Amino acid sequence: MRSDAEYLRLTMKLAAESRASGSHPFGALLVGPEGDVLFSSGNTYARDRGVGHAESNVARAAALRYEPAFLAGCMLVTSVEPCCMCSGASYWAGIGTVVFGLSEKQLVKLTGDNPRNLTIDLSCRQVFAAGRRQIEVRGPFPELEDEILKDHKDFW
């Protein structure tokens, strides 16, 4: 199994590809219990506007393919902390662990009031704490911040 940082670097590649395709620079993947990448997605803003977040895309695909009992042993890895919509999608899918590189609070410093990414000040930990399912959260990873921010600079 790879380290969290190694999986996060894979999400950064997805974020760069997403930006290059005309969407927002976010990437996410689902790691199975054995460490294999089961699903991956970039943001799909260019196709479906504000609801095509990378994390929701992955959670939706995972929920369609696997039962919550299996997903409880899986890990959603995402370049930036999942928003409340994506946290909810991960929660309802039954994903047991969320790992993120950059906090939503750091992202909002870049995006500000940009209408293409009006962030909601609600951490994924707050969303998960309001639920009845235990979800482990790891992040942010300050040592990766500069790498993650690279794809966001001059975008917003």
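Residues numbered from 1 in each chain as written. Predicted model: local features only at pLDDT ≥ 70, side-chain atom pairs only at ≥ 80, totals over all residues. Heavy atoms only, no water.

Asker: I'd love a proper account of the packing of helix α3 (residues 54-65) against helix α5 (residues 84-93), names of residues and values included.
Answerer: Packing of α3 against α5 leaves a shortest axis separation of 8 Å and a crossing angle of 15°. Considering their axes alone, α3 and α5 lie roughly parallel with respect to each other. Note on packing geometry: the crossing formed by α3 with α5 is left-handed. Contact residues: Glu55, Ser56, Ala59 and Ala63 in α3; Met85, Cys86, Ala89, Ser90 and Ala93 in α5. Class assignment of the residues belonging to the contact of α3 with α5 gives a composition of six nonpolar, two polar and one charged. (Axes fitted to C-alpha atoms, helices over the stretch in contact; angles between N-to-C directions. Helix = DSSP H or I, 4+ residues; strand = E, 2+ residues; numbered from the N terminus. Parallel < 35°, antiparallel > 145°, perpendicular 65-115°, else oblique. Left-handed = near helix turned anticlockwise from the far one by under 90°. Contact = heavy atoms within 4.5 Å. Nonpolar A, V, L, I, M, F, W, Y, C, P; charged D, E, K, R; others polar.)

Asker: Would you mind going over α5 in detail, with residue names and values included?
Answerer: Those residues of α5 not exposed but buried are Cys86, Ser87, Gly88, Ser90, Tyr91 and Ala93. Residue Gly94 follows α5 closely and has a positive phi angle near 100°. (Buried < 20%, exposed > 50% of the residue type's maximum accessible area, 1.4 Å probe, protein only.)

Scope: geometric values only; no functional claims are made or implied.
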